[in-house]
Amino acid sequence: MAIQETFDDFVVDFETKFTTDARSGHDGASLLIYAHNVLNAVEPASDEAQVLVGWLARNRERLGLDETLFTDGDSGRGERRSKLRPVGKMRWRAFGRALEGQVGSGEPLPHSLDPGFIAVADALGLEGLDLALFRLIVLYRLDNRFERLFDGLASARGRPGILRRYPDLFALLISGSPAEINARFRADAPMVASGAIRVDDDGDIQIASRLIALIHACALGDADVRTELLGAPVAARLPWVAFRHLGSEIEIARRVLRQAIAAGNERGVHVLLYGPPGTGKTECAASLAAELGVRLHVIGERSEHGREPSRGERLSDLLLAQRVGAGGEAVYLFDEAEDLFRPRSFDREPDPKIFIHRLLEGAPVPMIWAANDLEAFSPAVLRRMSLCIEVRLPPQNRRAELWQELAVAEGVALDAPTARKLARLIPAAPSVARTALRATRLAGGDAETAELVASGMARAIGHGHAAAPGAETETLYDPALSNADGDLAAMAERLSRPGAPRTISLLLSGPPGTGKSAFARHLAGKMGMTVLQKRGSDLFGPYVGQTEAQIAAAFAEARATQAFLIFDEADSLLLDRSDAHRSWEVSQVNEMLTWMETHPLPFVCTTNLPDRLDKASLRRFLVRLNFAPIRPDQAATLFERTFGREAPSGLARLDRLTPADFSRVARRIAVLGLPDDTAAILALFAAEVEGREGLARPIGFGPGRG
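Residues numbered from 1 in each chain as written. Predicted model: local features only at pLDDT ≥ 70, side-chain atom pairs only at ≥ 80, totals over all residues. Heavy atoms only, no water.

K.L.:
What is the right way to look at unusual backbone geometry in this model?
P.N.:
Most peptide bonds take the trans configuration, and most residues that are not glycine carry a negative phi. At S175, a residue that is not glycine, the phi angle is positive and equals roughly 60 degrees. When you line up the elements, S175 lands in the loop between α9 (167-174) and α10 (178-183). Even without glycine at this site, E569 takes up a positive phi of about 55 degrees. Within the secondary structure, E569 sits in the loop between β11 (564-568) and α28 (583-598). With a relative accessible area of 39%, E569 lands in the partly exposed category. (Helix = DSSP H or I, 4+ residues; strand = E, 2+ residues; numbered from the N terminus. Buried < 20%, exposed > 50% of the residue type's maximum accessible area, 1.4 Å probe, protein only.)

Below, the structure is given as structure tokens:
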């Protein structure tokens, strides 16, 4: 009990001396206090005494010590092996009296950093023994005189001369208890938990680099710790509606953050935005904060030297930011968050897991985490997230709307057809559209300029490869001009009527170009739903389980965005399992069947090869329609609408025409400058159907001819 009381008295006494010393700008006094504590704790004949006397001799002028205390050989004590006799007891007592007389009256330095230290320590809430230890660690970094004293004492005790967790050495310098001091370096202790210091597996202590810069900034001017640490808030570049395609999940995130900020005492509120690079996660976070009317601060983005920070530095920045708080209504963003969680070989920095779990549960400032790789996060971390939202590119029709909305904001003329074309050719995040339109405005360009700029950006983002364009949508689809074994118009009306069930599934089969996907998109439009269209090639992955994961993700995306899901080339995903040769061919069909059974929204599968489908899959479809080449009357109507003239009689003899043939022939004539007389057009159609499977209608005279 007596020992503890003595130790507590020391802490109060040291803090009082230190605070008085710091606020008065006497840097030397702290060094004298440490030296006096060492002198009182060691014997004159000890190695530590040799180090201390040598250090005092070399720094006597800066410490204000009388020259008569020292002999010629004292400066070499502790620096190298020498045969100098130990310091006598009378001289030892003389040193003690000299230090006692100097404590508290050290030589003031012209640019003291102590005011900066006081500001940072106050912001971190360090007091008592934590404050005393933090002062010692900071002094080691900022004052090479003290660094040499610490390293010399460590060497005298047979240890490396480095700032390391040496409880007995810290106790020697501040006259404390080694056990109490050792406890102050645990992960949950204030210095470590706040991010002020890091202790690696070897016990090496590093002070957060950002704090050193903060101490300098706050000491040399009227800088504020919080302002210097957090930096300027990030402004939103895109409107909130640009992320409407993320559906109800992002709206829930908005409500959760709004309530947490309004309450002021909600801890551990975190939103994880994940998805591939270039989908707009950072922009989404900025727009979300702007919609909430609060500041967004990006944490751990750069070091004090402007270079890319290490994982340890980013963790320290995060812990420090949460420790000092935002000082008002704000949200923190931690970008590329997987960098903090991904395991690393030969990494001596402390495992962030022990800090992160505690932070996720008790962080006072709400956070948005952005990540490209979800696999870097353990289940334990994901369980502590309030919301996990996949950020995807907007669907094609929404991209077209965004191009027009952002064009209006930038003052660039962009009509609807051009917007649809850009949305189809450039499947990129909203920020690409905004940047391209801004460049277009600055260049005084038009829609063609915007297309050139956006295409170049999309190729650069894809490392020289342009993303596959989306499916071309039909602006004027007429179900009466598709030849199916059911009434398509009546089917669309029935399925889209008010109150009609939405748990519907359709299999549309038939040759290419017969209008299967066009009808599916038409039906989605009638039902007032956006389209999410996936090809088999979009979902196949080279690694085991990747295809199955992407199938599940497609269904999940449709649910999250309330989208009408279309699978083109479904035969590649639903191959008859009896013909399978590899295990993954079976597992991907099983994955499809599982999700088809439980999906609560409309989805369509199209195929050119219905005979290859797994028999079990056929039972999952509520509606099955077969599309065939168009009838002669449909061909005549399409010809008249496409070319503005009456269809020639010879058109009826081409029995394998499809609706896609008409748009393709019209484009070929326009692009290649081909003759557009009726005979030339008919010849182009004949070339289109040549070689297609099926029986051609007889050409010439006789029964059934004409």
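From this point, the narrative continues.
K.L.:
Mind showing me how you'd approach the environment of R434 here?
P.N.:
Topologically, R434 is positioned in helix α22 (residues 430-443). With a relative accessible area of 19%, R434 lands in the buried category. It is 6.2 Å that separates the C-alpha atoms of R434 and L406, two residues lying 28 residues apart in sequence. Each residue touching R434, except ones within four places of it in the same chain, is listed here: R237, L238, P239, L406 and E410. Within polar-contact distance, the side chain of R434 engages the backbone oxygen of R237 at 2.9 Å. (Contact = heavy atoms within 4.5 Å. Polar contact = N/O pair within 3.5 Å; in protein donor to acceptor, adjacent residues only side chain to side chain.)

K.L.:
So what exactly am I meant to see when it comes to α9 here?
P.N.:
In an α-helix, one turn spans 3.6 residues, which is why side chains three or four residues apart end up on the same side. The buried fraction of α9 amounts to 7 of the 8 residues, a majority that puts the element mostly inside the structure. S175 occupies a position one or two residues after α9 and carries a positive phi of about 60 degrees.

K.L.:
Help me understand the nonpolar core in this model?
P.N.:
The nonpolar side chains of soluble globular proteins are, as a tendency, buried together. Residues F134 and W369 are the most contacted members of the largest nonpolar core, which totals 101 residues. The leading source of residues in this core is helix α7 (residues 128-142), at 9 residues. Aside from chain neighbours lying at most four places away, what touches F134 is F117, V120, L124, L126, M191, A196, I207 and L211. Core analysis: the next-biggest nonpolar cluster, separate from the first, contains 49 residues, A285, L292, A370 and A454 among them. (Core = buried A, V, L, I, M, F, W, Y, C linked by side-chain atoms within 4.5 Å.)

K.L.:
I tried to follow the pattern of salt bridges on my own but got confused; where do I start?
P.N.:
Close approach of charged atoms lets side chains of opposite charge pair. Enumeration according to the criterion identifies 36 salt bridges in this entry. For the salt bridge of R254 with E251, the shortest nitrogen-to-oxygen distance reads 2.4 Å. With R254 and E251 both in helix α14 (residues 248-263) and 3 residues apart, the pair spans about one turn of that helix. Residue R254 is classed as buried on the basis of its relative accessible area, which comes to 15%. For R441, the salt bridge identified is with E410, shortest N-O distance 2.7 Å. Of this pair, R441 sits in helix α22 while E410 sits in helix α20 (residues 396-410), and the two are 31 residues apart along the sequence. (Salt bridge = Lys/Arg side-chain N within 4 Å of Asp/Glu carboxyl O.)

K.L.:
Explain the environment of L609 here, please?
P.N.:
Considering the arrangement of structural elements, one finds L609 in the loop between β12 (603-607) and α29 (615-618). L609 sits 97 residues away from P512 along the chain, and the two C-alpha atoms are 9.9 Å apart.

K.L.:
Even after reading the chapter, I still don't get the packing of aromatic side chains, so can you show me in this structure?
P.N.:
For any pair of aromatic rings, the description consists of the separation of the ring centres together with the inter-plane angle of the planes. A full pass over the atoms with the stated rule returns 20 aromatic pairs. Seen in terms of ring centroids, F341 and W369 are 6.0 Å apart; in terms of plane orientation they differ by 55 degrees. Their pairing is tilted. Taken together, the residues F341 in helix α17 (residues 338-341) and W369 in strand β6 (residues 367-371) connect sequence positions 28 residues apart. Look at F341 and you get buried, because its relative accessible area is 14%. Look at W369 and you get buried, because its relative accessible area is 0%. Centre to centre, the rings of F555 and W595 are 6.2 Å apart; their planes meet at 20 degrees, and the pair counts as stacked. With a gap of 40 residues between them, F555 in helix α27 (residues 546-561) and W595 in helix α28 connect regions that are remote in the sequence. Overall, F555 belongs to the buried group, its relative accessible area being 0%. (Phe/Tyr/Trp six-rings, centres within 6.5 Å; stacked < 30°, edge-to-face > 60°.)

K.L.:
Please clarify how the packing of α27 against α28 should be interpreted in this entry.
P.N.:
Two numbers describe how α27 lies on α28: the axes approach to 9 Å, and their chain directions differ by 15 degrees. One element, α27, and the other, α28, form an angle in the roughly parallel class. Crossing angle aside, the handedness with which α27 passes α28 is right-handed. Each of T547, E548, I551, A552, F555 and R559 in α27 lies in contact with α28, whose residues at this interface are W584, S587, Q588, E591, M592, W595 and M596. Class assignment for the residues of the contact of α27 with α28 results in 7 nonpolar, 3 polar and 3 charged. (Axes fitted to C-alpha atoms, helices over the stretch in contact; angles between N-to-C directions. Parallel < 35°, antiparallel > 145°, perpendicular 65-115°, else oblique. Left-handed = near helix turned anticlockwise from the far one by under 90°. Nonpolar A, V, L, I, M, F, W, Y, C, P; charged D, E, K, R; others polar.)

K.L.:
It is not clear to me how α27 should be interpreted in this structure. Could you clarify?
P.N.:
Taking 1.5 Å of rise per residue, the 16 residues of α27 would be expected to cover 22 Å, and the 22 Å separating its terminal C-alpha atoms lies within 8% of that figure. Taken residue by residue, α27 has T547, E548, I551, A552, A554, F555, E557, A558, A560 and T561 as its buried positions. On its buried side, α27 packs onto α14, β10 (531-535), α26 (536-539), β11 and α28. (Expected span 1.5 Å × (residues − 1).)

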